[in-house]
Amino acid sequence: MAILVLFTFTGIVRAQAANPKDLVKASFLADVASVQPGTPFKVGVMLKIAPHWHVYWSNSGDAGIPTVVHLKLPEGFVASAIQYPVPSRIVQDGNIIMYGYSDEVMLMATITPPSKIEQSNVVVEASANWLVCDDSCIPGEAPSLRLSLPIGNQAKPAQKDLFDTWSKRLPMSITSATDMADHTESIVASSTANHSGSQWTMKINWKEVPSKVEWFPPASEEIVFGNKFTIQTTGKTTTIIAAFDKPAKQNNPSAKLQSVLSYQTPSGRVGVTVPVVLTE
Amino acid sequence: MFKRVLLSFAALAVGAALIAATPSAPVIGAPAPQFSLQDQDGKLVKLSDFAGKIVVLEWFNEECPIVQRHYKADTMNKLYDKYKTKGVAWLAINSTQGKTNQDNKKAGAAWHIERPILNDASGATGHAYASTNTPGMYIVDAKGNLVYWGGIDDNPNGDKSTVKNYVSQTLDELLAGQTVSQSKTQPYGCSVKYAD
């Protein structure tokens, strides 16, 4: 039976004070002015966000919608996963905990061109979509971002300062986190499960306790972390205890998930990717 | 260099320490919090009115564009039409501050919602359920226990070609007498706009 639903906005949506188009402005940038075959380069989708509004991280938290970028590459080009800068915690009504960005954020990827390129010019396309919120929320998208890059026998750098700044805001992988090694004695993580549920515990033993230690859990369709985990520093140890849920039939949750740990040092905010390993 | 990174999994078969849920959050497998709220016609509706039935609770806010996206796609109405014939009850709950029965009645009429939309403008029931997002879904089994809490599906950005609807997955399992396979899933949508 076909049901004709007359869908109407009349009387339901109040006129938005802000023009949705002004809330997020998207641009697409590369850190090279020309592409050298075989030499990786970076691209970034920069989102400039109106004051008081925010967009979300790859795990939006208790609400929100992850900001997503899709790349469309020329033949033979390969891109890394989209890289998200360390987010901030956004707390609403005291109880709703979300993760995201205000002011501006650049989501990046590393693109590796093939070693032989026939054309003299390549086009990289991107689309981004997001939910931008303050007290209300407005979905938005930039569906047709485009970069046209000449092929050259060297990769000429472009916008180096911008990409340097934003690359520093990406969480470092744990094996290359030399900054973190300067600050920690050890990290011990384990997960446990009993009839009441599962939890993941991480203990960080610091050489010098930094300020503002924060942890951001990963999002996945199978492993669901609650956002009211405890994070407590006593003496020189920070303990994070995070409850999570997994599908009932899955006794071997082997998902390889990446969480983000961040903390404040004299030289700035440090972000580190901490794997959450839940294998038996 | 890194001194030591130790990642290990220890499964405790015999549960010694109970992992305590946050006091204000409902617990999967435990009785769902009771409530008594007015519907869009001012009639009092209680969870206990549906004792013995499976109940879907849908946190609702007609101003949320994600709720709008789902009503435009007829997600909730289609699901309700399918499962009401199997005895499943479905209540929408609006915990948005300042909303009145009239607002709910207007939204219900515009979107052909043939089920109660409960007025929780005070936020008391939302807080009892630790509800954070709209659309936010909970399912209570026929024994009155909370068995599902999370998003309506696995498609927050609305861009997946194959979508897993968690509500129909859970209802199918309950109706077949099976264990609920995914009791908690990633929530998404607008945050609930609670009264201060």
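Please read all numbers here as calculations on a predicted model, not as lab measurements.

Caption draft 1: Looking closely at the overall build of chain B. Each helix and strand in chain B was counted, giving five helices and ten strands. By the burial criterion, 55% of the 196 residues in chain B qualify as buried. Residue pairs at least 24 apart in sequence account for 74% of intrachain contacts in chain B once pairs closer than 6 positions are excluded. About 8,500 Å² of surface is accessible on chain B, with carbon and sulfur atoms providing 55% of the total.

Caption draft 2: View of the pairing of strand β7 (residues 96-102) of chain A. Residues and elements named next belong to chain A. Taking burial as the measure, the seven residues of β7 include six buried ones, the bulk of the element. Strand direction decides the pairing type here: strand β3 (residues 54-61) and β7, joined by four bridges, are antiparallel. Looking at β7, one finds that G61 is bridged to M98.

Caption draft 3: Representation of the sheet that holds strand β4 (residues 55-59) of chain B in the model. Residue and element names in this part refer to chain B. Within the open sheet, the five strands sit side by side as β6-β5-β4-β8-β9. Their pairing is mixed. Where the open sheet ends on each side, the last strands, each with one partner, are β6 (117-119) and β9 (146-150). Within the sheet, the average angular offset between the axes of one strand and its neighbour, ignoring direction, is 20 degrees. Across five bridges, the pairing between β4 and strand β8 (residues 136-140) is antiparallel. By the bridge assignment, V55 is partnered in β8 with V140. Against the sheet, helix α3 (residues 101-110) touches β5 (89-94) and β6, its axis set at about 165 degrees to β6.

Caption draft 4: Seen up close, the confidence of the model for chain A. Of all residues in chain A, 88% have pLDDT values of 70 or greater, and the mean over the chain is 88. Every residue in residues 2-16 of chain A is under pLDDT 50, and counting partners more than four places away or in other chains gives 23 contacts.

Caption draft 5: Structural view of the sheet that holds strand β14 (residues 211-216) of chain A. All names here are of chain A. Taken in spatial order, the four strands of this open sheet run β11-β19-β18-β14, and their pairing is mixed. Each edge of the open sheet is held by one strand with a lone partner, namely β11 (172-173) and β14. Here β14 pairs with strand β18 (residues 256-265) via four bridges, running antiparallel. Bridge pairing links S211 to Q264 in β18.

Caption draft 6: Up close: the nonpolar core. The biggest cluster of nonpolar side chains holds 70 residues, and the ones touching the most others in it are V132(A), W200(A), M202(A), W215(A) and L261(A). Those residues in contact with M202(A), other than ones at most four positions away along the chain, are I187(A), V188(A), A189(A), W215(A), T238(A), T239(A), I240(A), L261(A) and V274(A). Formed by 61 residues, the second largest nonpolar core is a distinct cluster that contains Y71(B), I113(B), L174(B) and V180(B).

Procedures and definitions
- Residues numbered from 1 in each chain as written.
- Chains lettered and ligands numbered in written order.
- Predicted model: local features only at pLDDT ≥ 70, side-chain atom pairs only at ≥ 80, totals over all residues.
- Heavy atoms only, no water.
- Helix = DSSP H or I, 4+ residues; strand = E, 2+ residues; numbered from the N terminus.
- Buried < 20%, exposed > 50% of the residue type's maximum accessible area, 1.4 Å probe, protein only.
- Contact = heavy atoms within 4.5 Å.
- Areas by Shrake-Rupley, 256 points an atom, 1.4 Å probe, with all protein chains shown as cover.
- Pairing = 2+ DSSP bridges.
- Axes fitted to C-alpha atoms, helices over the stretch in contact; angles between N-to-C directions.
- pLDDT = per-residue confidence, 0-100.
- Core = buried A, V, L, I, M, F, W, Y, C linked by side-chain atoms within 4.5 Å.

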